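# Notes for the structure review
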Amino acid sequence: PRGSMISVSLPEDQVRALVDGKLSVAAINGPAQCVVSGLGDAIEEIAAVLTEKNVEFRTIHIAAAGHSVIVEPILERFTAFAQTLDLRPPQLPYISNVTGDWITSNDATNPSYWARHLRLTVRFAEGMSRIMEEPEQVLLEVGPGQILSTLAKLQPEDRRARSVISSMRHPYDLQPDD
């Protein structure tokens, strides 16, 4: 079913305290930046609570509720589909959004991992923290826009990259990419 998502300016523990069985914490993007996902009515209810508590939030313009209970009915079918793919160990290291740590060969080649990836909370802040353990990092956002670049800049100061670069402009920005 169609769903909604909102970005909430609160830490994970406070967001989880507000979320009931109808909503899910879809992403932890920073120390005080989470995404809540669910059906539109439930999102409207939590938005009213956040407004009453004077908590900043923003609607994410997408008619889906990724990483939420809404996707559970398709997980079995998704896993079956993933079993038909030729999953291989990664040739380059990357961070798993499921664990917030470096992907393992076992996870990358396990169809069930990809179903969990579809359903579970995105651990972006943990992944950024793990990446920043390596000194002198430069981050490159590949694709249009600057959402991930912006989220990277929200990380605690000791966990920020020296440089965060976007490879392409935002779709509404008129300045050429070069």
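Residues numbered from 1 in each chain as written. Predicted model: local features only at pLDDT ≥ 70, side-chain atom pairs only at ≥ 80, totals over all residues. Heavy atoms only, no water.

Another point: the overall build of the protein chain. Across its full length, the protein chain carries seven helices and six strands. Reading the helices (α) and strands (β) of the protein chain from amino to carboxyl end gives β-α-β-β-α-β-α-α-α-α-β-α-β. Its C-alpha atoms give the protein chain a radius of gyration of 17 Å, within 12% of the compact-globule value 16 Å for 178 residues. A total of 178 residues make up the protein chain; the buried ones form 37% of that total. In the protein chain, the share of contacts with a sequence separation of at least 24, taken over all contacts with a separation of at least 6, comes to 63%. Of the accessible surface of the protein chain, which amounts to about 11100 Å², a share of 54% is contributed by carbon and sulfur atoms. Positive and negative side-chain charges of the protein chain, numbering 16 and 23 respectively, have mean locations separated by a distance of 1 Å. (Helix = DSSP H or I, 4+ residues; strand = E, 2+ residues; numbered from the N terminus. Rg over C-alpha atoms; globule rule 2.2 N^0.38 Å. Buried < 20%, exposed > 50% of the residue type's maximum accessible area, 1.4 Å probe, protein only. Contact = heavy atoms within 4.5 Å. Areas by Shrake-Rupley, 256 points an atom, 1.4 Å probe, with all protein chains shown as cover. Lys, Arg positive; Asp, Glu negative; His and termini not counted. Charge placed at Lys NZ, Arg CZ, Asp CG, Glu CD.)

Take the packing of aromatic side chains next. In this structure the tally under the stated criterion is one aromatic pair. Relative to Trp114, the ring of Tyr113 has its centre 4.8 Å away and its plane inclined at 90°; by these criteria the two rings are edge-to-face. Among the residues examined, Trp114 registers a relative accessible area of 25% and is labelled partly exposed. (Phe/Tyr/Trp six-rings, centres within 6.5 Å; stacked < 30°, edge-to-face > 60°.)

Before going further, it helps to examine helix α3 (residues 75–82). Because the α-helix completes a turn every 3.6 residues, residues three or four places apart line up on one side. Every buried residue of α3 is accounted for by Leu75, Thr79 and Ala82. Taken down its axis, α3 places every buried residue within 60° of arc, on the same side. For α3, the exposed residues set more than 90 degrees away from the buried face come down to Glu76 and Arg77. The secondary structure elements touched by the buried residues of α3 are α5 (111–119). (Arc of directions from axis to C-beta.)

Taken in spatial order, the four strands of this open sheet run β2-β3-β1-β4, and their pairing is antiparallel. The open sheet terminates on both sides in strands that have one partner only, identified here as β2 (23–30) and β4 (57–60). Ignoring strand direction, the axes of neighbouring strands in this sheet form an average angle of 25°. The sheet contact formed by strand β1 (residues 4–8) and β4 spans four bridges and is antiparallel. The residue bridging Val8 from the neighbouring strand is Phe57, located in β4. Running at roughly 20° to β1, helix α2 (residues 40–52) makes contact with β1, β2, β3 (33–38) and β4 of the sheet. (Pairing = 2+ DSSP bridges. Axes fitted to C-alpha atoms, helices over the stretch in contact; angles between N-to-C directions.)

Attention now moves to unusual backbone geometry. Of note in the backbone geometry, Asn54 takes a positive phi value of approximately 60° without being a glycine. Along the chain, Asn54 turns up in the loop between α2 and β4. Phi at His67 is positive, roughly 55°, even though this residue is not glycine. Structurally, His67 can be placed in the loop between β4 and α3. On the basis of relative accessibility, which here comes to 17%, the residue His67 falls in the buried class.

Attention now moves to the packing of α3 against α5. One can describe the packing of α3 onto α5 by two numbers: an axis separation of 8 Å at closest approach and a directional angle of 140°. Comparing their axes, α5 and α3 come out oblique. Judged by the twist between their axes, the crossing of α3 over α5 is right-handed. Residues Leu75, Phe78, Thr79 and Ala82 of α3 form the contact with α5, whose participating residues are Pro111, Ser112, Trp114, Ala115, Leu118 and Arg119. By residue class, the composition of the contact of α3 with α5 is seven nonpolar, two polar and one charged. (Parallel < 35°, antiparallel > 145°, perpendicular 65-115°, else oblique. Left-handed = near helix turned anticlockwise from the far one by under 90°. Nonpolar A, V, L, I, M, F, W, Y, C, P; charged D, E, K, R; others polar.)

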